[in-house]
Amino acid sequence: MRQKYPGEWILFLVSMIAASGWFFSKFAMEEFPPIGFMGARFTLGFCLFLPFAYSQLKQLSRSQIIQACLVGICYTVNISLWTLGLIYSQHLGEGAFLFSLSMLIAPLVSWLFFKDKPQKIFWVSLPIAILGLTLLAFGRGQLYFSLGSLIFLVSSIAAAIYFVLNNHFAQNIPVLSLTTLQVGVVGICCSLYSYFFENYPPTFSPSIWGWFLASLLLATNGRILLQTLGQKHCQVSTAALIMVLEPVWTCILSMLIFNEIMTWVKGMGCFCILLALLIYRLPRLRSSK
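Residues numbered from 1 in each chain as written. Predicted model: local features only at pLDDT ≥ 70, side-chain atom pairs only at ≥ 80, totals over all residues. Heavy atoms only, no water.

Considerations on a nonpolar patch on the surface
Then, number 1: Residues Ile188, Leu192, Tyr193, Tyr195, Phe196 and Phe197 make up a contiguous nonpolar surface patch of about 770 Å² in total accessible area.
Then, number 2: Inspection of the secondary structure puts Tyr195 in helix α8 (residues 175-197).
Then, number 3: Judged by relative accessible area, Tyr195 falls into the exposed class, the value being 64%. (Patch = residues over 30% accessible without salt bridge, like charges linked within 9 Å, V, L, I, M, F, W, Y side chains within 5 Å. Areas by Shrake-Rupley, 256 points an atom, 1.4 Å probe, with all protein chains shown as cover. Salt bridge = Lys/Arg side-chain N within 4 Å of Asp/Glu carboxyl O. Helix = DSSP H or I, 4+ residues; strand = E, 2+ residues; numbered from the N terminus. Buried < 20%, exposed > 50% of the residue type's maximum accessible area, 1.4 Å probe, protein only.)

A closer look at the packing of aromatic side chains
Then, number 1: In the structure shown here, the tally under the stated rule is 25 aromatic pairs.
Then, number 2: With a centroid separation of 5.9 Å and 55 degrees between ring planes, the pair formed by Phe32 and Phe37 is classed as tilted.
Then, number 3: We classify Phe37 as buried; its relative accessible area is 0%.
Then, number 4: Ring centres of Tyr195 and Phe196 lie 5.1 Å apart, and the angle between their planes is 85 degrees; this geometry places the pair in the edge-to-face category. You'll find Tyr195 and Phe196 in the same group, each marked exposed.
Then, number 5: Above the ring of Phe258, the side-chain terminus of Lys26 is found at 6.0 Å from the ring centroid. (Phe/Tyr/Trp six-rings, centres within 6.5 Å; stacked < 30°, edge-to-face > 60°. Lys NZ or Arg CZ within 6 Å of the ring centre and 35° of its normal.)

Considering the confidence of the model for the chain
Then, number 1: Model confidence for the chain is summarised by a mean pLDDT of 85, while 90% of its residues fall at 70 or above.
Then, number 2: Within the chain, the lowest mean pLDDT, 67, falls on helix α10 (residues 236-243), and the highest, 91, falls on helix α6 (residues 120-137). (pLDDT = per-residue confidence, 0-100.)

As for α8
One turn of the α-helix equals 3.6 residues, which is why residues spaced by three or four share an orientation.
Then, number 1: If you check α8, its first and last C-alpha atoms are 33 Å apart, about what 23 residues at 1.5 Å a residue would give, namely 33 Å.
Then, number 2: Along α8, the positions that sit buried rather than exposed are Ser177, Leu178, Thr180, Leu181, Gln182, Val183, Gly184, Val185, Val186, Gly187, Cys190 and Ser194.
Then, number 3: Those residues of α8 that are buried are in contact with α2 (34-58), α3 (62-88) and α7 (147-169). (Expected span 1.5 Å × (residues − 1). Contact = heavy atoms within 4.5 Å.)

Points about unusual backbone geometry
A negative phi holds for most residues other than glycine; trans holds for most peptide bonds.
Then, number 1: Notably, Lys115 is not glycine yet its phi reads approximately 60 degrees, a positive angle.
Then, number 2: Structurally, Lys115 is set in the loop between α5 (102-114) and α6.
Then, number 3: Overall, Lys115 belongs to the exposed group, its relative accessible area being 67%.
Then, number 4: Its identity is not glycine, yet Asn259 carries a phi of approximately 55 degrees, on the positive side.
Then, number 5: Position of Asn259 relative to the elements: it lies in the loop between α11 (246-257) and α12 (264-288).

Thoughts on the side chain of Ser215
Then, number 1: When you line up the elements, Ser215 lands in helix α9 (residues 206-232).
Then, number 2: Separated by 3.5 Å, the side chains of Ser215 and Ser25 make a polar contact.
Then, number 3: Sequence-distant contacts of Ser215, that is, excluding residues within four places in its chain, are made with Phe24, Ser25, Phe37, Arg41 and Thr220. (Polar contact = N/O pair within 3.5 Å; in protein donor to acceptor, adjacent residues only side chain to side chain.)

Structural notes on the side chain of Lys26
Then, number 1: The residue Lys26 is located in helix α1 (residues 6-28) in this model.
Then, number 2: Here Lys26 sits buried without a salt bridge, and the closest side chain of opposite charge, Glu30, lies 7.2 Å off (N-O distance).
Then, number 3: When residues no more than four places from it in sequence are discounted, the contact partners of Lys26 are Leu86, Ile87, Ser89, Gln90, Leu92 and Phe258. (Lys, Arg positive; Asp, Glu negative; His and termini not counted.)

A few points about the pattern of salt bridges
Then, number 1: Taken as a whole, this structure holds 2 salt bridges when the rule is applied.
Then, number 2: For Lys266, the salt bridge identified is with Glu94, shortest N-O distance 3.1 Å. Residue Lys266 is found in helix α12, and its partner Glu94 is found in helix α4 (residues 92-100); the two are separated by 172 residues along the sequence. For the pair Lys266 and Glu94, a shared accessibility class is recorded, and that class is buried.
Then, number 3: Across the salt bridge formed by Glu260 and Lys266, the nearest N and O atoms sit 3.8 Å from each other. Accessibility classification places Glu260 together with Lys266 in one group, the buried group.
Then, number 4: Taken together, the shared-partner salt bridges in this structure form one network comprising Glu94, Glu260 and Lys266.

In structure tokens, the structure reads:
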């Protein structure tokens, strides 16, 4: 089975690593200033990518560099909001499903920015996602979102804008150099903000460095490497379908680690969002087959 579907098994593992990354980051930020943590994480990630991308970077035109940096700024906004969501929320399962809505917000952004009309199936999945969002809001018996959940919802919009711009500019810029510049922009912007506006503790406990390395090596560079390897041996539509599982694993881990309470109303909300994502992806899976 594993030899027959190597790409699928790798991406299944990637979805679990992606979910674990939420918790690696949250535990690391118990001592690290949040934006400073992202600055250090992405700056080191940039240093790891740079030797492999250097030859491509030298061949980029000025306009390509500007475009890549623009996408990097959008990524900075996205990752900063996501980081604040981690800080202010103990309901990471709910936050993961809210963040996953970026996949359904992206077609609307693409329609607004580049006049790309969404497929017909999108209009089927959108009401189901809205129903799921409403059920999540009523999960505590009243129409209410915590501050952390609201930040995750806003970050899903920022993520959708980033995805659309990244997909648009990736057509003309090599993937490795585009990724390297994006990671570098995030590292520089977050590090500068942290230097001027955040405070650092005099010392860090050894366990925090363990969470930091796990976040860097596993959830960032390792995840990107495995995802690239998995997609090489797997159809794009199938890969996207497997990665939809990330909020499911995040929700399960949040219930196990933080004892997050999942009422039946919230559970139905998460199910509706997952169903909407699957409905939106399934036609592409069928067409690829």
